[in-house]
Amino acid sequence: MNEALHGWPMLNQAYYEFWLSRSELSFYLAYLDGVPIATSAAMQTGNQASIEFVSTLQQYRNQGAASALCLTTLHDLHNKGVHTATLRASHKANALYTKLGFKPYFQTVVMSYEV
């Protein structure tokens with residue numbers, strides 16, 4: 001799934017086996033008609049968490065999968081006692097996260113280039 005979403009095997013079980021066995025990290029996978037179409041992850045430390053790796057396959061974007069997956073992730077985190085959730089996002093996803101109630105606190109440019 002990650003290779004299809006990101007173009008390389010960013011997360012794989014061999015590399016992240018340690019993290020996959022820990023309760024602080026949760027992975028979510030959304031399916032549509034039996035096809036995995038979107039991912040998210042949550043990293044929890046006490047009553048705080050970070051939502052990571054939210055991605056939807058290109059042909060399934062703008063159909064609500066990422067919203068549903070983020071809401072499921074947030075619901076599960078709330079049930080685990082999380083009071084504060086943060087995330088990092090590309091500018092393309094700002095509308096999604098604003099719709100879900102997130103607010104920007106700072107902006108960092110990691111890399112900039114011209115085509």
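See the structure shown above.
Residues numbered from 1 in each chain as written. Predicted model: local features only at pLDDT ≥ 70, side-chain atom pairs only at ≥ 80, totals over all residues. Heavy atoms only, no water.

### A word on the overall build of the protein chain
Part 1: Scanning the protein chain from N- to C-terminus turns up four helices and four strands.
Part 2: The helix and strand sequence of the protein chain, counted from the amino end, reads α-α-β-β-β-α-β-α.
Part 3: In the protein chain, which comprises 115 residues, the proportion classed as buried is 30%.
Part 4: Nonlocal contacts in the protein chain, meaning residues at least 24 apart in sequence, comprise 50% of its contacts between residues at least 6 apart. (Helix = DSSP H or I, 4+ residues; strand = E, 2+ residues; numbered from the N terminus. Buried < 20%, exposed > 50% of the residue type's maximum accessible area, 1.4 Å probe, protein only. Contact = heavy atoms within 4.5 Å.)

### Quick notes on the side chain of S26
Part 1: Tracing the backbone through its elements, the reader meets S26 in strand β1 (residues 25–32).
Part 2: Accessibility expressed as a relative area gives 12% for S26, which makes it buried.
Part 3: Within the local environment of S26, its side chain forms a polar contact with the side chain of K80, the two groups lying 2.8 Å apart.
Part 4: The contact partners of S26, leaving out residues within four places of it in the chain, are S40, A41, A42 and K80. (Polar contact = N/O pair within 3.5 Å; in protein donor to acceptor, adjacent residues only side chain to side chain.)

### Details of the packing of aromatic side chains
Part 1: Enumeration according to the criterion identifies one aromatic pair in this entry.
Part 2: Consider the rings of Y97 and F102, whose centres lie 6.1 Å apart with planes at 85 degrees: the pair is edge-to-face. This pair shows no difference in class: Y97 is buried, exactly as F102 is. (Phe/Tyr/Trp six-rings, centres within 6.5 Å; stacked < 30°, edge-to-face > 60°.)

### Notes on the nonpolar core
Part 1: Core analysis: the largest hydrophobic core is formed by 20 residues, its most contacted members being I37, A38, L77, Y97 and L100.
Part 2: Mapped onto this core, the elements with two or more residues apiece are β1, β2 (35–45), β3 (48–56), α3 (65–79) and α4 (94–99).
Part 3: Considering every element that reaches this core, the biggest residue donor is α3, with five residues. (Core = buried A, V, L, I, M, F, W, Y, C linked by side-chain atoms within 4.5 Å.)

### So, the pattern of salt bridges
Part 1: The final tally for this structure, using the stated rule, is one salt bridge.
Part 2: In this structure, R88 and E52 form a salt bridge, with 2.7 Å as the shortest nitrogen-oxygen distance. With a gap of 36 residues between them, R88 in the loop between β4 (84–87) and α4 and E52 in strand β3 connect regions that are remote in the sequence.
Part 3: Residue classification places R88 among the exposed positions, given a relative accessible area of 63%. (Salt bridge = Lys/Arg side-chain N within 4 Å of Asp/Glu carboxyl O.)

### Some thoughts on the pairing of β4
Part 1: Here β3 pairs with β4 via four bridges, running parallel. Residue pairing in the sheet places Q48 in a bridge with T84 of β4.
Part 2: The parallel pair β3 and β4, bridged by α3, forms a crossover whose chirality is right-handed. (Pairing = 2+ DSSP bridges. Right-handed = clockwise from strand over helix to strand, strands pointing away.)

### Thoughts on the pairing of β1
Part 1: Pairing geometry for β1 and β2, over eight bridges, is antiparallel. Bridge pairing links L29 to T39 in β2.
Part 2: In sequence, β1 turns back onto β2 through a hairpin of two residues, with D33 there showing a positive phi of about 55 degrees.

All we've got here are geometric facts, nothing functional implied.
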